[in-house]
Structure formats: structure tokens, C-alpha cells
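One letter stands for each residue in the lines below.
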Amino acid sequence: MAGESSTGPEWIEPMGPILAVIACVFGLALLLGGAGVAVALGTWAASGEVKGVELALVIAGGLFAAFVAYVGFSTVLYNWDLRRATIRLEADGVGATAEVIRVGPEDVSADGTSRMIWVRIRVEGRGFPAFEASCLMPYGVAAATLGAEIEVVVDPGGGTFRL
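This report concerns the structure included in the present document. (Residues numbered from 1 in each chain as written. Predicted model: local features only at pLDDT ≥ 70, side-chain atom pairs only at ≥ 80, totals over all residues. Heavy atoms only, no water.)

**A few points about the sheet that holds strand β6 (residues 160-162)**
As a general point, the strands of a sheet are linked pairwise by backbone hydrogen bonds and lie either parallel or antiparallel.
Phase 1: Spatially, β1-β6-β5-β2-β3-β4 is the arrangement adopted by the six strands of the open sheet, whose pairing is mixed. Only two strands of the sheet have a single neighbouring strand rather than two, namely β1 (10-11) and β4 (131-138).
Phase 2: Pairing geometry for strand β2 (residues 94-108) and strand β5 (residues 149-155), over six bridges, is antiparallel. Its bridge partner being in β5, A96 is matched across the sheet by V152.
Phase 3: Where helix α2 (residues 53-92) meets the sheet, its contacts fall on β2, β5 and β6, and the angle it forms with β5 comes to roughly 105°. (Pairing = 2+ DSSP bridges. Helix = DSSP H or I, 4+ residues; strand = E, 2+ residues; numbered from the N terminus. Contact = heavy atoms within 4.5 Å. Axes fitted to C-alpha atoms, helices over the stretch in contact; angles between N-to-C directions.)

Here's what the structure looks like:
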């Protein structure tokens, strides 16, 4: 069920403004730090001061720093988009009802302390066509049982929903 595609809007976990700022600042730090180190190492390698094995290590370090910058850039874009989707969902979202039509399989964290379960839901409401989607829920909650009804908010124009 985890790999099943949705026939409608995408499930998101809403992101608040403080968490969005923290995530974007972290991403910017990775981006700027990685890019700065990559440029510095690239300049040093191009200067001709290092040769042989040292040059290979400098180039490898520069490539790793460039990868860190890419991860930072991706972090900023992902969290920026998630916050924008959250704002749009809050502004344009319409209430709807979801019915749990399938439950399982269970996901357990690597340390065994967190148990989640995949649920497949069918969402119906006014202003958008009915759709099905899969999402994770904590194991053992009443909403994670077959036939349970859950209140959801759907953004028909933005293609997102939240439980």
C-alpha cells in the first residue's frame, strides 16, 4: 500500500511557520556552506598548489561539498513548497469525510518504538470529485480501523489534503 498511487490530491502533514523558518534556515546553511567550501576547494585545486593524491582528495572534497549544497537547496525547496501548500490548504480547503477502505501493512521504526499503519481512504465531499489515497496513521487509533470515518480538509485547486 505504501507504493500505491493516489487518484486525487496528495496527503500532506501541515507545516507551521516556525518549523518552516527553521527548516529553510537549515537548508540555506547547508547550501551556502557547501557551495562556499566547493568554490574554495575548486579554486585551490585550480591554482596548481596541490598535486597527486592531495589533488584527488581536494577534488573529492569539492564534489562532496557540492552535494551538501544540493541537499541544502533541495531542503529549502521542499519545505518552501510544503509551507505554501499548508497556507493554501488553510485558505481554500473544504471540509470532507474520508472512509477507511483498507488497513495495513504496519510500519515499525528501526528501533522498534514507533508503530504506524498504512490506511487507504476514500474521500468524498462538495466541490471536488471523490478520490482515494494512502496515508500513515499511528497504530491503534480508532481512525485506523476498517470502515472508520475521518474528517479531512481538501484543497481542490491545490491538489492536497490533510487529516
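**Some details on the packing of helix α1 (residues 17-47) against α2**
Phase 1: Contact geometry of α1 with α2 gives a least axis separation of 7 Å together with a crossing angle of 160°. The angle between α1 and α2 falls in the class roughly antiparallel. Along this stretch, α1 crosses α2, giving a crossing that reads as left-handed.
Phase 2: Counted by class, the contact of α1 with α2 contains 24 nonpolar, seven polar and one charged residues. (Parallel < 35°, antiparallel > 145°, perpendicular 65-115°, else oblique. Left-handed = near helix turned anticlockwise from the far one by under 90°. Nonpolar A, V, L, I, M, F, W, Y, C, P; charged D, E, K, R; others polar.)

**Brief notes about the nonpolar core**
The nonpolar side chains of a soluble globular protein tend to be buried with one another.
Phase 1: With 18 residues, the main nonpolar core has V119, I121, V123, F131, I150, V152 and V154 as its most contacted residues.
Phase 2: Every element with two or more residues in this core is listed here: β2, β3 (115-124), β4 and β5.
Phase 3: Counting seven residues, the second-largest nonpolar core is a separate cluster that includes M15, A20, L82 and A85. (Core = buried A, V, L, I, M, F, W, Y, C linked by side-chain atoms within 4.5 Å. Buried < 20%, exposed > 50% of the residue type's maximum accessible area, 1.4 Å probe, protein only.)

**Notes on the layout of surface pockets**
Phase 1: There is about 270 Å³ of room inside the largest pocket.
Phase 2: Lining the largest pocket are 13 residues, and of these E10, I12, L82, A85 and T160 lie nearest its centre.
Phase 3: Elements with a contribution of two residues or more to the lining of the largest pocket: β1 and α2.
Phase 4: With six residues, α2 is the largest single contributor of residues to the lining of the largest pocket. (1 Å grid on protein atoms, 1.4 Å probe; cavity = no way out; pocket = protein on both sides within 12 Å on 5 of 7 lines; lining within 4 Å. Points joined across faces, edges and corners; volume = space filled by probe spheres on them.)

**Notes on the side chain of R83**
Phase 1: Looking at where R83 falls in the secondary structure, it is placed in helix α2.
Phase 2: Buried and unpaired, R83 has no salt bridge, with E90 as the nearest side chain of opposite charge at 4.6 Å.
Phase 3: Once residues lying within four places of it in the same chain are set aside, the contact partners of R83 are M15, G16, P17 and A20. (Lys, Arg positive; Asp, Glu negative; His and termini not counted. Salt bridge = Lys/Arg side-chain N within 4 Å of Asp/Glu carboxyl O.)

That's the geometry; what it means functionally is another story.
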